[in-house]
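# Observations on the model geometry
One-letter residues, chain by chain:
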Amino acid sequence: MVSDARYQLQNKTKYNVMRKIHFAIIIALLLTVSCRKDEFKSEIVPSTATKVTEAVYGSEIKGFFLLNEGNMGSNKATIDYFDYETGYYHKNIFAERNPGVVKELGDVGNDIQIYGNKLYSVINCSHFVEVMDVRSAKHIAVISIPNCRYIVFDKGYAYVSSYAGPVQIDPNARLGYVAKVDTATLKVVAECVVGYQPEEMVVVGNKLYVANSGGYRVPNYDNTVSVIDLDSFTETGKIEVAINLHRMEKDNQGNIYISSRGDYYDIPSKTFILDPSAGNVSDVLNPLPCSNMTIDGDFLWLYSTEWNYTTQSNSVSYAKVDTRTKRVVTNAFITDGTDSGIAIPYGLAVNPENGEFFVTDAKDYVTPGTLYCFNSDGTKKWEIETGDIPAHIVFTRYKLESK
Amino acid sequence: MNRSSIIFVSAFGLIISLTINLSAYSQETGDSSKIHLIPEAIVSAKKTRAEIVPVQELSGKQLQRLSAHSVADAVRYFSGVQIKDYGGIGGLKTINIRSMGSHHVGVFYDGIEIGNAQNGVVDLGKFSLDNMETISVYNGQKSSIFQPAKDFASASSIYMTTRTPAFGPGKATNLNIAIKGGSFETINPSLLWESSLTDKISSSVSAEYMGTSGKYKFRYAKRDGYDTTEVRENGDVNALRIEGALFGKVHNGEWRAKVYYYNSERGYPGAAVREEPGKFRHQDRQWDDNLLVQASFRKRAGNSYSFLLNAKYAYDYLHYLSDPRLDETTMYVNNRYRQHQSYISSANLFSLIDWLSLSLSADFQWNTLSADLTGFVYPQRYTLLTAAAASVRRSKLNLQVSLLHTYVKDVTEKAGGSAGDKSEFTPTIIASYRPFDQKELTLRAFYKRVFRMPTFNDLYYTFIGNKYLKPEYTNQYNIGFTYGINPSKRLVRVELQTDFYYNQIQDKIIAMPTSNQFRWTMLNLGYVEIRGMDLALQTLWKFAGWDLSARLNCTYQKAQDFTDPQSKYNGGQIPYVPWHSGSAIIGAGFGKWNLNYSFIYTGERYEAVANIPENHAQPWYTHDLSLSREITLKNAECRVTAEVNNLLNQPYEVVQWYPMPGINYKIKLNIML
């Protein structure tokens, strides 16, 4: 009996010890399987440099920055740089030049401009304007403006349009505003309430004209241009134009070209000419649908992408308008058929020095796009892969330093 | 012999054959048609049966011991399954089987499909494991031909089966009270009360509340670059679930009826993109109300005929609010969606000869959706599904053939706004062969073609919907084997299941941009090919007082997008599908103690079809550990469990910019009376 009990006790002790050993083995296994702590960190993606054309010296315009918007929610806004003096295209330069900036450039880059010696990039869904040094693309500061859209400059101040104006009673009827930023201090110094969901702006004389789209208030789009007196920085009036206004360009004649996106169903997109001195619309260019436009000298270049529910496809068109006669001079400024390979044009720019022009293709918005460079005669010069949704180009007179 | 005796004797004989027949033709996966009179404590040795289609299952104790809160968490441990998880307890979690897309997975709750005609996916994060008996995942379809037509109509399916009351000898009531609490201010009490009302009828009532603040820390860092730790805000969840069911046995059959109600409010934190720290907080909120009433009746009538009737009504309400008065950066959205669903089904089985069975099923469903969106067309959908199937069982060979006919008719309020009618036939063929009588080796293969209808969102969502959309088709080819062996007294059981597959998705519905980034439409442009291998290994050990079960799952998948042959990225791996992934679960029991360790690995993947460094996502793995102790009290059993999840505090995300929690803890107390 006693030996039985002792035998049982011995066995129990043995089991207890074995149990402890088993636990220890399991814990040890776990710890060995544990990984290097920092393995979850990925590398900062470096820029890619590709030679796309011959180097050119002596031009005033040293290169350009291309802002890729990135799909909303993907945090993939990026900046590319083309260098005329080397003929190299550098894709994705911001991250490697700013490794300490948390989460890189941000979500949805909506506009990029240069003023003085600074590069300004409006990052719409990150809700600020990223300010960089134009010679190095290094981060200087951010200017906090919720739901910011476009930026223009005049006499030391930057003007940024934003959808996020004061909410009054109806949260669905929320006006936008323009923020006035002192470019020396990079601080917002004043705000001026305008129409609904303001987009692009132009400065003519001492007035700022703002296109109000009303895009959040479907089907009750806004149809006005707000006029802001820059001395008092107050809205002095509104000009009625058409629904869903977006793009604005001013020409050498003192006129403003403005695009209406229509309602995507029955009302098509159209182009309007505003006479600022008269304070009203002087011409309607119809049919001339417009998604994006740019001015070079006396010519307005534009393209349009319109979805057609009947044909279940996008219909893309290009046009060039002589602003002296207000007439369309060509419906095909790309002359060698390259345009048939462009699925969704998204960016348009003309080099004022040599007449080269650039058109980007955003493709399906989730795959890298393509930038096409054309000679002034409309034939393709070179093309290169960009980031996602290549959209906005700004030419620079300062050469970008190497990293 | 008088008439009633003849009926009684033949009924008795039929019950025997019914049981045999049912166990042959239906899965013993806690199928709602069977009432288990097995005491609670039995550990079932066979988790993967020699099924003729690939099936994986988690049930009973192995399911309860997992450090998983919801069905979505548990399903990550299966091969070939991917959960797309938007983070935290409240984030959306959808299931994707063999990369065919979440819309192709049929989700069944107690045998009846849960549908969502609006967006076609079911949020599995809403289904708690509290009252869950079994979760099974089938590739192709369940290899039981005696099932509603719906069971034939998805490319793969997941079956969630709740507990059927089971009473120990002399007991007429079971009461199970549980309290769980843990990190991020999580509190989760629940209650299960089962009663044996008569010798033929039992009832069960289950209720659960879940509340959490969802405020977990997360970290983003780059090598030689930034390193930031933030807290997830606006991820709180308050959810309540109440279920009541009745179960009954009749002569040669059984029935069950259930009411299920779920109500929740949660915040949506949004993508954690670059923003000024603390400046603008996401304040989006969502309210859900789901009501489900369903009933099922199965009976054997006569020697060779059985039928199964199902009926269901479901109401789903979703309210989404994004308020610029709370979050100045946002656009005002205040949308309410209401869906009604009515469903009836009749399945009939004819067992003419012992090796041949035929079945014929018909299902009818009516869906409506109303939403307060501008220009909404208020669609209604009538669906009629008819399936005919035959099953042949010879000594070594099993063969099943089925043909499904789908007829769908959409009606909208606005004339000409609807997608019209669709009528399609789709086949399936399944075969298995067992070459050696003495060995548990089965070779199997199946081919299935099926489609999914465009959802209401795909067709009718204002500005984005496209009523000309066609259905999206899948072709699946699968070949594999299962092997089982009982090697020794220590290594009690080994089961191995391996399948190789090739899937195609045609006319894949994808979003295509139109004039600008905020305007998209849906088109049938996509084409995807998937080549993969799934492996599942289960082992059971018994030695030195220990009961050990070890389970290993591995998946290899090459899922390529061939939508645009002209594109430079043609053939790129589709977003979020890793080439390699796997999991392991080790459960060790010693007396009243139980230790559970689980591990999940997801290999590198890309966030877009363009497989370039900018879109590369790092591999991640998590370790979860839990320890529990059973305590026998005077009148009750008690179990205390302590859990540590993501033991090594690995920062990771499943969906880009939706971070997952780091290390977190949970304590559970279960009292069973």
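Residues numbered from 1 in each chain as written. Chains lettered and ligands numbered in written order. Predicted model: local features only at pLDDT ≥ 70, side-chain atom pairs only at ≥ 80, totals over all residues. Heavy atoms only, no water.

Across its full length, chain B holds 4 helices and 36 strands. At 25 Å, chain B has a C-alpha radius of gyration in line with the 26 Å of a compact globule built from 673 residues. A principal-axis box enclosing the C-alpha atoms of chain B has dimensions of 85 × 60 × 45 Å. At a minimum sequence separation of 6, the contacts of chain B that also span at least 24 residues come to 63%. Of the accessible surface of chain B, which amounts to about 26,700 Å², a share of 61% is contributed by carbon and sulfur atoms. Separation of charge centres in chain B, based on 72 positive and 61 negative side chains, amounts to 6 Å. (Helix = DSSP H or I, 4+ residues; strand = E, 2+ residues; numbered from the N terminus. Rg over C-alpha atoms; globule rule 2.2 N^0.38 Å. Contact = heavy atoms within 4.5 Å. Areas by Shrake-Rupley, 256 points an atom, 1.4 Å probe, with all protein chains shown as cover. Lys, Arg positive; Asp, Glu negative; His and termini not counted. Charge placed at Lys NZ, Arg CZ, Asp CG, Glu CD.)

Residues and elements named next belong to chain A. Pairing of strand S6 (residues 109-115) with strand S7 (residues 118-123), which is carried by 6 bridges, proceeds in the antiparallel orientation. What sits directly across from tyrosine 115, in S7, is lysine 118. In this antiparallel pair of consecutive strands, S6 and S7, the connection spans 2 residues, and glycine 116 shows a positive phi of 65 degrees. (Pairing = 2+ DSSP bridges.)

Another point: the interface of chain A and chain B. The interface is formed by 81 residues belonging to chain A together with 69 residues belonging to chain B. Both sides together, the interface formed by chain A and chain B hides about 6,800 Å², and carbon and sulfur atoms give 61% of it. Ionic pairing is found between B:Glu230 and A:Lys103, a salt bridge with its closest N-O pair at 3.0 Å. The interface formed by chain A and chain B includes 20 residue pairs in polar contact (both at pLDDT 80 or more). Only helix H1 (2-33), strand S1 (42-43), strand S8 (128-133), strand S9 (139-144) and strand S23 (299-308) of chain A provide two or more residues apiece to the side of chain A that touches chain B. No other element matches the 8 residues that H1(A) contributes to the side of chain A that touches chain B. Looking at the side of chain A that touches chain B, its residues break down into 39 nonpolar, 22 polar and 20 charged. Sheet topology places S1(A) next to strand S11 (residues 217-223) of chain B; 2 bridges connect them, and they run parallel. Across the sheet, residue A:Ser42 finds its bridge partner in S11(B), namely B:Lys222. (Buried area = accessible area lost by both parts, 1.4 Å probe. Salt bridge = Lys/Arg side-chain N within 4 Å of Asp/Glu carboxyl O. Polar contact = N/O pair within 3.5 Å; in protein donor to acceptor, adjacent residues only side chain to side chain. Nonpolar A, V, L, I, M, F, W, Y, C, P; charged D, E, K, R; others polar.)

Looking now at the packing of aromatic side chains. Applying the stated criterion to the full structure yields 44 aromatic pairs over all chains. Residues A:Tyr159 and A:Phe233 carry aromatic rings whose centres are separated by 5.7 Å and whose planes lie at 40 degrees to one another, so their mutual orientation is tilted. In this pair, A:Tyr159 sits in strand S11 (residues 157-162) while A:Phe233 sits in the loop between strand S16 (224-229) and strand S17 (234-240), placing the two residues 74 residues apart along the sequence. Each member of the pair, A:Tyr159 as well as A:Phe233, carries the same accessibility label: buried. Where B:Phe297 meets B:Phe307, the ring centres are 5.7 Å apart and the plane angle is 70 degrees; that geometry is what we call edge-to-face. Of the two residues, B:Phe297 is situated in strand S15 (residues 284-300) and B:Phe307 in strand S16 (residues 305-322); the sequence distance between them amounts to 10 residues. Of the residues examined, B:Phe297 reaches a relative accessible area of 26% and is grouped as partly exposed. (Phe/Tyr/Trp six-rings, centres within 6.5 Å; stacked < 30°, edge-to-face > 60°. Buried < 20%, exposed > 50% of the residue type's maximum accessible area, 1.4 Å probe, protein only.)

All names here are of chain B. Scanning all chains against the criterion turns up 53 salt bridges over all chains. The salt bridge partner of lysine 126 is aspartate 288, with a shortest N-O separation of 3.5 Å. Within this pair, whereas lysine 126 is found in the loop between strand S5 (112-114) and strand S6 (132-139), its partner aspartate 288 is found in strand S15, the two being separated by 162 residues in sequence. Taken as a pair, lysine 126 and aspartate 288 share a single burial class, namely buried. Measuring nitrogen to oxygen at the nearest pair gives 2.9 Å for the salt bridge that ties aspartate 227 to arginine 219. What emerges from the salt-bridge pattern is a single network uniting Asp110, Asp130, Lys180, Glu208, Arg241, Glu243, Arg256 and Lys258.

The next thing to look at is the nonpolar core. Residues and elements named next belong to chain B. In terms of nonpolar packing, the biggest core is built from 50 residues, with Val71, Leu124, Ile135 and Ile158 touching the most fellow members. At 4 residues, the largest contribution of residues to this core is made by helix H3 (residues 71-75). Sequence-distant contacts of leucine 124, that is, excluding residues within four places in its chain, are made with Ser70, Val71, Ala72, Ile83, Lys93, Ile95, Val107, Ile158 and Met160. Residues Ala149, Ala347, Leu404 and Val528 belong to the second largest nonpolar core, which totals 22 residues. (Core = buried A, V, L, I, M, F, W, Y, C linked by side-chain atoms within 4.5 Å.)

Turning to the environment of B:Val640, a few remarks are in order. Mapped onto the elements of the fold, B:Val640 is located in strand S33 (residues 637-645). When residues no more than four places from it in sequence are discounted, the contact partners of B:Val640 are B:Leu627, B:Ser628, B:Arg629, B:Ile631, B:Lys668 and B:Leu669.

It is worth spelling out the environment of A:Val134 at this point. Residue and element names in this part refer to chain A. Along the chain, valine 134 falls in the loop between S8 and S9. For valine 134 and glycine 355, which are 221 residues apart along the polypeptide, the C-alpha to C-alpha distance reads 23 Å. The contacts of valine 134, once residues within four sequence positions are left out, are Phe65, Ile114, Asn117, Lys118, Leu119, Thr396, Tyr398 and Leu400.

The next thing to look at is the confidence of the model for chain A. All names here are of chain A. Across chain A, the average pLDDT comes to 90, with 90% of residues at 70 or higher. Element-level mean pLDDT values for chain A span from 57 in H1 up to 98 in strand S3 (residues 63-68). This stretch, residues 32-36, has a pLDDT under 50; its non-local contacts, to residues over four places away or in other chains, come to 6 contacts. (pLDDT = per-residue confidence, 0-100.)

Residue and element names in this part refer to chain A. A sheet is described by the order of its strands in space; here 4 strands give the open sequence S6-S7-S8-S9, paired in antiparallel fashion. Of all the strands in the sheet, just S6 and S9 have a single pairing partner and so form its edges. Taking each pair of neighbouring strands and ignoring which way they run, the sheet shows an average axis angle of 20 degrees. In terms of strand pairing, S8 meets S9 through 5 bridges, oriented antiparallel. Along S9, the bridge assignment pairs valine 129 with isoleucine 143. (Axes fitted to C-alpha atoms, helices over the stretch in contact; angles between N-to-C directions.)

Turning our eyes to something else, we now look at the sheet that holds strand S26 (residues 345-350) of chain A. Each strand in a sheet pairs with another by means of backbone hydrogen bonds, the pair being arranged parallel or else antiparallel. Residues and elements named next belong to chain A. Reading across from one edge, S26-S27-S28-S29 is the order of the 4 strands in this open sheet, with antiparallel pairing throughout. Looking at strand neighbours, the two that pair on one side only are S26 and strand S29 (380-388), the edges of this open sheet. The average undirected angle you get between the axes of adjacent strands in this sheet is 20 degrees. The sheet contact formed by strand S27 (residues 357-361) and strand S28 (residues 368-374) spans 5 bridges and is antiparallel. In the sheet register, aspartate 361 faces S28, and the bridge partner there is threonine 370.

Bringing unusual backbone geometry into the picture now. Following A:Val218, the chain continues into A:Pro219 via a peptide bond in cis, with omega recorded as 0 degrees. Within the chain, A:Asn244 stands out as a residue other than glycine whose phi angle is a positive 60 degrees. Within the element layout of this structure, A:Asn244 appears in the loop between S17 and strand S18 (245-250). Positioned with a positive phi, B:Ser99 is a non-glycine residue whose angle comes to about 60 degrees. Locating B:Ser99 in the fold gives a position in the loop between strand S3 (93-97) and strand S4 (105-109).

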